[in-house]
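These are the residues of each chain, in order.
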Amino acid sequence: MLLNHLWGLYASPKAEWQQIDKKHENYVYPLSHMALIALIPAICSYFASAHIGWSIGVGDTIKLTHESALFMSIGMYFGLFFGVLALAIMIHDLAEVFDAQPTMKQSLELAAYTATPLFMVGFACLYPELWVICMVGLVGLAYSVYLLYSGTPILMHIPEEKGFIYASSVVTCGLVLLSVLMAVSVILLSSGAGVVYTS
């Protein structure tokens, strides 16, 4: 069943990681999980941008036209999806340094299920206040990091000490990847690509 690990990742993460490791699911499960969960921030940000409007500080509420909001949401969706795929490749390539031999599927599972709390932060867009998004985003990021640290030794089949260092390296790569995605977004926004404001 799609999203069958969602509750377990929040209720009992270590037990859920062990369940994921034992099931030996095929690529369809982590890919479909990513495809569905990435819809949350894309749809919520579209609705917030086109219908509610963003409030940044004490200025006027900022809204985008429907076409512009849709363009940005589609870009966000593909950026998130392919960002997680890139993280999975980094996880797989880093494994050799830590004497781990995960399959690409295991690396994809770790990346996809670890990214879940960050994608769930998208619900906060339905209350588009910058400080709310920042606070909820920090909580989502912290829980994603926790999932990564708890899941790495289990899925990669390495001792916890090595798993901690391995996960720390993945966090560093993930932050670099996130920074690149944000930089590309800022460059596109500052060039005015697809961004049309409305009153």
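Here the residue numbers are simple positions, counted from 1 along each chain's written sequence. A pLDDT threshold of at least 70 governs which residues receive local features in this predicted model, and a stricter bar of 80 or more applies before side-chain atom pairs are shown or counted, although totals over entire chains, interfaces and linings include all residues. Neither water nor hydrogens contribute to the side-chain values; these are computed over all heavy atoms in the structure.

Draft legend 1. Representation of the overall build of the chain within the structure. Within the chain one finds nine helices and two strands. Comment: elements are numbered from the N terminus, with helices defined as DSSP H or I runs of at least four residues and strands as E runs of at least two. Start at the N end of the chain and walk to the C end: the helices and strands fall as α-α-α-α-β-α-α-α-α-α-β. Radius of gyration here is computed from C-alpha atoms only, and the compact-globule reference equals 2.2 Å multiplied by the residue count raised to the power 0.38. Radius of gyration (C-alpha) of the chain: 18 Å, near the 16 Å computed for a compact globule of 199 residues. Principal-axis analysis of the C-alpha atoms places the extent of the chain at approximately 55 × 30 × 30 Å. Between buried and exposed lies partly exposed: a residue is buried under 20% and exposed over 50% of the maximum accessible area for its type, with that area taken using a 1.4 Å probe on protein chains only. Relative to its 199 residues, the chain shows a buried fraction of 43%.

Draft legend 2. Quick peek at the side chain of Ser 107. On the secondary structure map, Ser 107 appears in helix α6 (residues 104–114). Here, residues are in contact when the closest pair of their heavy atoms is within 4.5 Å. The residues touching Ser 107, leaving out its near neighbours within four places in the chain, are Ala 88, Ile 91, His 92, Pro 102 and Met 156.

Draft legend 3. Spotlight on the packing of aromatic side chains. Any two rings among Phe, Tyr and Trp, with Trp reduced to its six-membered ring, count as a pair given centres within 6.5 Å; such a pair is stacked if its planes are under 30 degrees apart, edge-to-face if over 60, and tilted if neither. Taken as a whole, this structure holds nine aromatic pairs when the rule is applied. Pairing Phe 78 with Phe 82 gives two aromatic rings, centres 6.2 Å apart and planes at 20°, and the pair type is stacked. Of this pair, Phe 78 and Phe 82 both sit in helix α5 (residues 66–94), four residues apart, roughly one helical turn. In this structure Phe 82 comes out as partly exposed when scored by relative accessible area, which is 48%. Between Phe 98 and Tyr 166, the ring centres sit 5.0 Å apart and the planes meet at 15°, which makes this aromatic pair stacked. You can see Phe 98 sitting in the loop between α5 and α6 and its partner Tyr 166 sitting in helix α9 (residues 160–190), a full 68 residues away along the chain. Aromatic rings pair up to connect Tyr 77, Phe 78, Phe 81 and Phe 82 into one cluster.

Draft legend 4. Just the nonpolar core, in detail. What makes a nonpolar core is a set of buried Ala, Val, Leu, Ile, Met, Phe, Trp, Tyr and Cys residues whose side-chain atoms join them at distances within 4.5 Å. Trp 17, Ile 91, Leu 110, Met 156, Tyr 166 and Val 170 are the most contacted members of the largest nonpolar core, which has 43 residues in total. Looking at this core, the elements that each hand over two or more residues are α1 (6–11), α2 (13–23), α3 (28–37), α4 (39–52), α5, α6, α8 (130–156) and α9. Counting residues per element, this core draws most heavily on α5, which supplies seven residues. Those residues in contact with Val 170 that sit more than four places away from it in its chain are Leu 87, Ile 91, Leu 94 and Leu 148.

Draft legend 5. The arrangement of the environment of Ile 37 in detail. Here Ile 37 shows up in helix α3. Overall, Ile 37 belongs to the buried group, its relative accessible area being 3%. Residues Ile 37 and Lys 22 lie 15 residues apart in sequence; the distance between their C-alpha atoms is 23 Å.

Draft legend 6. Representation of α6 within the structure. Buried residues dominate α6, accounting for 10 of its 11 residues. Listed in full, the buried residues belonging to α6 are Lys 105, Gln 106, Ser 107, Leu 108, Glu 109, Leu 110, Ala 111, Ala 112, Tyr 113 and Thr 114. In this fold, the buried residues of α6 make contact with α1, α2, α3, α5, α7 (116–120) and α8.

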